[in-house]
Amino acid sequence: MAFLLMLIGLNLSGVFEIGGSFLGTGSGLTYRGGTLGSFFTGFLPVLVATPCTAPFMGAAIAAAFMTSSAATFAVLLALGFGLATPYVLLALIPGLVHLLPKPGAWMAILKQALAFPMYASTAWLVWVISQQTGPDGVMAAAMGLVLIGLAAWAIGVTQNQQRRVRAFGRASAGLAVIIAFAFLNDIGITPPSLVATAGDAQPYSPASLATLREEGRPVFVNLTAAWCVTCKINEQIALASDAVQEAFATRHIAYLKGDWTRADPAISALLHQHGRDGVPLYLFYPSNRREPIVLPQLLTAGIVLDELDRAGS
């Protein structure tokens, strides 16, 4: 994934260009008249735009498929309506077209500027690799990124040359990509968890949870991962706050933290037990209840404290 985001960033920076014929794929369908042309006019932008909305609608999709069929249909219908809204508004009020920015040099500048979020995401993924594999994994990924850059450059400097030169550039790029992935082949998994813990968190395990429950202590379980941005925000805003940490201490609540960065099977089992396929998952086991309380995926200190009060812990 880091290699892919690096390539996208290099493309946005202008190191190499994607051919115009590829970019025009499907555009002929939008020029057809009637219902078919209208369908593809809406379908193709949704197809292109949907991956970019993943950070925003990923939670909605996950929630939709965990509930009833009617609710799933309602969520997907709402997403479709949102994607269609700009076209509906322009169809109903054609004068809005004049408010759209005119094509110009700003488009090229914006395109280049958008490369930097890609580079930042690449850097973040390399940090995740450091959590999973340690220094050797970071070195392998870094060397791979250098080779990905070489591949992009080889394509860029030859793509406007004669056919033989273009073929040489593509072959060189292909070889660089193969070597880049070869660097990843022998990366080992670092046994100890490197995920930072908040407060007095102890590592989660089924045995530790069972022991604490037998002792009659209330337990708060935080299932997280190094690559989970939502988890990090929740920990900083809610779980690591002074109010929540003080509540844990005064109410003698044990705090267990499960690191799912490397898809630990025991944590996967607990996730599946509660109908989840990924983190975050927050469970609170009151001392007077057998089944846990499942907290929302987005936390605040107030939400956590309210749940503690409601459970009487």
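This report concerns the structure included in the present document. (Residues numbered from 1 in each chain as written. Predicted model: local features only at pLDDT ≥ 70, side-chain atom pairs only at ≥ 80, totals over all residues. Heavy atoms only, no water.)

### Some details on the sheet that holds strand 2 (residues 219-224)
Spelled out, the test is: Here the rule is simple: two strands pair whenever DSSP picks up at least two bridges between them. Numbering goes from the N terminus for both helices and strands, where a helix is a DSSP run of H or I of at least four residues and a strand is a run of E of at least two.
Across the sheet, which stays open at both edges, the 5 strands sit in the order 1-3-2-4-5 with mixed pairing between neighbours. Across the chains shown, the open sheet's two edge strands, defined by having one partner strand only, are strand 1 (202-203) and strand 5 (293-295). For strand 4 (residues 281-285) and strand 5, the ladder comprises 3 bridges, and the chain directions are antiparallel. The residue of strand 5 that forms the bridge with Leu-283 is Val-294.

### A closer look at helix 4 (residues 34-49)
Condition: How far a helix is expected to stretch is found by multiplying one less than its residue total by 1.5 Å. Each residue gets one of three labels from its accessible area relative to the maximum for its type: buried under 20%, exposed over 50%, partly exposed in between, using a 1.4 Å probe on protein chains only. When we speak of the arc, we mean the arc of directions from the helix axis to the C-beta atoms. A contact between two residues is defined here by any heavy atoms of the two lying within 4.5 Å.
Taking 1.5 Å per residue as the helical rise, helix 4 with its 16 residues ought to reach 22 Å, and the 24 Å between its terminal C-alpha atoms agrees with that figure. Restricting attention to buried positions, one finds in helix 4 the residues Gly-37, Phe-40 and Leu-44. Along helix 4, the residues classed as buried sweep out an arc of 60 degrees about the axis, all on the same side. Looking at helix 4, the residues exposed on the side facing more than 90 degrees away from the buried face are Thr-35 and Ser-38. Of the surrounding elements, those touching the buried residues of helix 4 are helix 3 (27-30).

### Brief notes about the state of the cysteines
The condition is simple: Cysteine sulfur atoms are paired as a disulfide whenever they come within 2.5 Å of each other.
Under the defined criterion, the tally for this structure stands at 1 disulfide. Sulfur-sulfur distance for the disulfide between Cys-228 and Cys-231 comes to 2.2 Å. Taking the torsion about the S-S bond as the criterion, the Cys-228 to Cys-231 disulfide, at about 80 degrees, is right-handed. Comparing Cys-228 with Cys-231 shows no difference in burial state: the two are buried.

### Some words on the nonpolar core
Applicable threshold: Here the nonpolar core consists of buried residues drawn from Ala, Val, Leu, Ile, Met, Phe, Trp, Tyr and Cys, with membership extended through side-chain atoms lying within 4.5 Å.
Core analysis: the largest hydrophobic core is formed by 37 residues, its most contacted members being Phe-220, Val-221 and Val-304. Broken down by element, the residue count for this core peaks at 5 residues, all from strand 4. When residues no more than four places from it in sequence are discounted, the contact partners of Val-221 are Tyr-204, Leu-209, Leu-256, Leu-270, Leu-281, Tyr-282, Leu-283 and Tyr-285. In terms of nonpolar packing, the next biggest core, distinct from the first, is built from 10 residues, Phe-3, Leu-10, Ile-148 and Ala-152 among them.

### Some points on the packing of helix 12 (residues 242-250) against helix 14 (residues 301-311)
Stated precisely, the cut-off is as follows: To obtain each axis, a line is fitted to C-alpha atoms, and for helices this fit is confined to the stretch in contact; angles are then taken between N-to-C directions over 0 to 180 degrees. Each angle is binned into one of four classes, with values under 35 degrees roughly parallel, values over 145 roughly antiparallel, values of 65 to 115 roughly perpendicular, and all other values oblique. In a left-handed crossing the near helix is turned counterclockwise from the far helix by less than a right angle, and in a right-handed crossing that turn is clockwise. Residues are grouped as follows: Ala, Val, Leu, Ile, Met, Phe, Trp, Tyr, Cys and Pro are nonpolar; Asp, Glu, Lys and Arg are charged; every other residue, Gly included, is polar.
Two elements in contact, helix 12 and helix 14, have axes separated by 9 Å at closest approach and are oriented at 20 degrees. By the angle between their axes, helix 12 is roughly parallel relative to helix 14. The element helix 12 and its partner helix 14 pack so that their crossing is left-handed. Residues Ala-243, Val-244, Ala-247 and Phe-248 of helix 12 form the contact with helix 14, whose participating residues are Ala-301, Val-304, Leu-305 and Leu-308. Here the residues of the contact of helix 12 with helix 14 sort into 8 nonpolar, no polar and no charged.

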